[in-house]
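Inside the fold
Residue-level listing of the chains:
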Amino acid sequence: MGNCAALSASARGVFKNSKALPIETTFKLPAPLPSWPPGDGFASGSIDLGGLQVYQISSFTKVWATHEGGPDNLGASFFEPSPLPQGFYMLGCYSQPNNKPLSGWTLAAKSTDEDEDDHLLLKKPLDYTLVWNSESLKNLKKDGDGYVWLPTPPHGYEAIGHVVTSSPEKPSLDKIRCVRSDLTDHCEADSWIWGPGTAGDANGFNVFSLRPSNRGIQAMGVPAGTFVALNGLPSSTIAIACLKNTLSLSNSHIYMPNLTQIEALLEVYSPLIYLHPDEVYLPSSVGWFFSNGALLYKKQGDAVAIEPTGSNLPQGGSNDGSYWLDLPVDKSASARVKKGDLLHYQVYLHIKPMMGSTFTDIAIWVFYPFNGPATAKVEFFNISLGKIGEHVGDWEHLTLRVSNFTGELWRVFFSQHSGGTWVDASQLEFENGNKAVGYASLQGHALYPKAGLVLQGSGGIGIRNDTAKSKKVLDTGQSSLLVSAEYLGSAVTEPPWLNYSRKWGPNISYDIADEIKTVEKLLPGKLKSAFDKFVKSLPNEVLGEEGPTGPKMKNSWTGDEV
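Attention in this report is confined to the structure presented alongside it. (Residues numbered from 1 in each chain as written. Predicted model: local features only at pLDDT ≥ 70, side-chain atom pairs only at ≥ 80, totals over all residues. Heavy atoms only, no water.)

**Quick word on the sheet that holds strand β10 (residues 147–152)**
Where strands meet in a sheet, backbone hydrogen bonds hold them as pairs that are either parallel or antiparallel. Across the sheet, which stays open at both edges, the 3 strands sit in the order β9-β10-β12 with antiparallel pairing between neighbours. In the strand order of this sheet, the two ends are held by β9 (127–133) and β12 (163–165), each with one partner. Taken over all neighbouring pairs, the strand axes of this sheet differ in orientation by 30° on average, direction set aside. With 6 bridges connecting them, β9 and β10 associate as antiparallel partners. Residue pairing for β10: Asn133 is matched across the bridge by Tyr147. (Pairing = 2+ DSSP bridges. Helix = DSSP H or I, 4+ residues; strand = E, 2+ residues; numbered from the N terminus. Axes fitted to C-alpha atoms, helices over the stretch in contact; angles between N-to-C directions.)

Now the structure itself:
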């Protein structure tokens, strides 16, 4: 299949006694995947994007590798997808850093309906431009030299990926195919794969993974699993395109899982969420919160009790401040409801198409009646921030991203305060087969893939996010409710509380400046101003100035996570 480079004698001498790199292991999920229940196109191996049939390939032949630079200074490897199914063409090579197991994929494509030559969906490039080669990096640890080529597409076509060779000779024009422009979409650089240094260099060579610029449940851009190679850092326009699903939304949904397949996916992948052993503010179901005295307030009029399904909550509208939820008025009832109830927790599922219906996102939402106060770490001091960080109503979520080609879990998103992090499946912790593990931080409930301390800040000053394993664990597969899957139409009924667009807690009435002064009194003089500057930089979600809106009001409901 092309240009595999053997290690030179000198390279073998350098690496003979070195530790094996993570990429030398191919990642597999801990347990074999089941045979998914029957349906239309989900997990059938290939997807028709509207005349262009694509196949996800995760078997590769190595072309070239470098053993330093890039993330963790371990280098990166470059591959061709191999073998290709009969009739399919390569769209570009694959690359990833060496600091994690080999775990990616690229799409190969073929036309389902070849027209006359002028209208072909796929065409050979006219030529190649050499973007970069490693010859000048004499001291770089590498497997010989590597050469990165950009295809020159015919007029009306786009390059979807690069070709990498271990020889200075131009690749064959038959090596790759370009795609007709109407079947492509704009791409943007995503994560940094490699450069000769240990961080992206504005004046140097860089390799980035790619994602569609426009992402969401109605966006039709499709990542091809290729990369972009640049001299410098990416701008708004790059020479590599993504694919586009040109089927109508309703037709593309045949590649999404049906209800039976969703149940099977949850049985295989439903994650476990460990709470901190010292956690006192536990999750509950929304119905438990309502039935145990939560109140609906409005600017004019008295507070009213909330029906178990939220049927008397105002529906739709905007977050205009005219309504909000709060704890019971009675102090003992309020204290009890604040603490939630692990016996009555429930997680809420939103299933949505992503990347032109080539992936399914399973967003798993967790509700906590109360978010506890934050703790700051200021160099050697751990200081409770009093009321800072407290708010009624706390929504957190994990999102599983599953390939619609195979039904395989690719990534998990962990929500963290006002943002979050995508983690590749190869970097996750698993239990009970293929169930990913998440950890909820003490009192703030932000989610992380590993136990330990994550400090939200810099320079030794930040908000503590402490996570640890305990007997308090949410098995999200044991108590879940599918609340929304728009692509399934009337098959899923949304509960009334989901369409409540106002705050799930009141605006906090305390003076944050006073709270900060109280904390500053405990600090040595030189740390006071640094701490004050840090707190002022925190988003409202951390300061807890007001209750949050519900899941459907978040940008991620219709868009991508980040």
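The structure having been displayed, the exposition proceeds.
**Details of the pattern of salt bridges**
The tally for this structure, following the rule as stated, stands at 19 salt bridges. A salt bridge links Asp190 to Arg211, with the nearest nitrogen and oxygen atoms 3.6 Å apart. On the criterion of sequence distance, the pair formed by Asp190 in strand β15 (residues 187–194) and Arg211 in strand β16 (residues 205–212) is long-range, its members being 21 residues apart. Using a relative accessible area of 30% as the deciding quantity, one classes Asp190 as partly exposed. With its nearest N and O atoms 2.8 Å apart, the salt bridge here joins Arg401 to Asp560. Placement of Arg401 in strand β28 (residues 391–403) and of Asp560 in the segment after α8 (540–543) is noted, with a sequence separation of 159 residues between them. (Salt bridge = Lys/Arg side-chain N within 4 Å of Asp/Glu carboxyl O. Buried < 20%, exposed > 50% of the residue type's maximum accessible area, 1.4 Å probe, protein only.)

**Some thoughts on helix α5 (residues 331–338)**
Regarding α5, the residues found buried are Ala333, Ser334 and Val337. Viewed along the axis of α5, the buried residues span an arc of 100°, placing them on a single side of the element. Exposed residues lying more than 90 degrees from the buried face of α5 are Lys331 and Ser332. Taken together, the buried residues of α5 touch α4 (286–291) and β25 (359–371). Positive backbone phi, approximately 65°, marks Gly340, located one or two places after α5. (Arc of directions from axis to C-beta. Contact = heavy atoms within 4.5 Å.)

**Quick look at the nonpolar core**
The tendency in soluble globular proteins is for nonpolar side chains to be buried as a group. Core analysis: the largest hydrophobic core is formed by 39 residues, its most contacted members being Tyr269, Ile362, Leu409, Val412 and Leu428. Broken down by secondary-structure element, the contributors of at least two residues to this core are α3 (259–269), β24 (347–354), β25, β28, β29 (409–416) and β32 (435–440). Per element, the largest residue contribution to this core is 6 residues, and it comes from α3. Not counting chain neighbours up to four residues away, the residues in contact with Val412 comprise Leu398, Thr399, Leu400, Thr421, Trp422, Val423, Leu428 and Ala436. The next biggest cluster of nonpolar side chains, apart from the first, holds 34 residues, and it includes Trp149, Ala159, Phe208 and Leu230. (Core = buried A, V, L, I, M, F, W, Y, C linked by side-chain atoms within 4.5 Å.)

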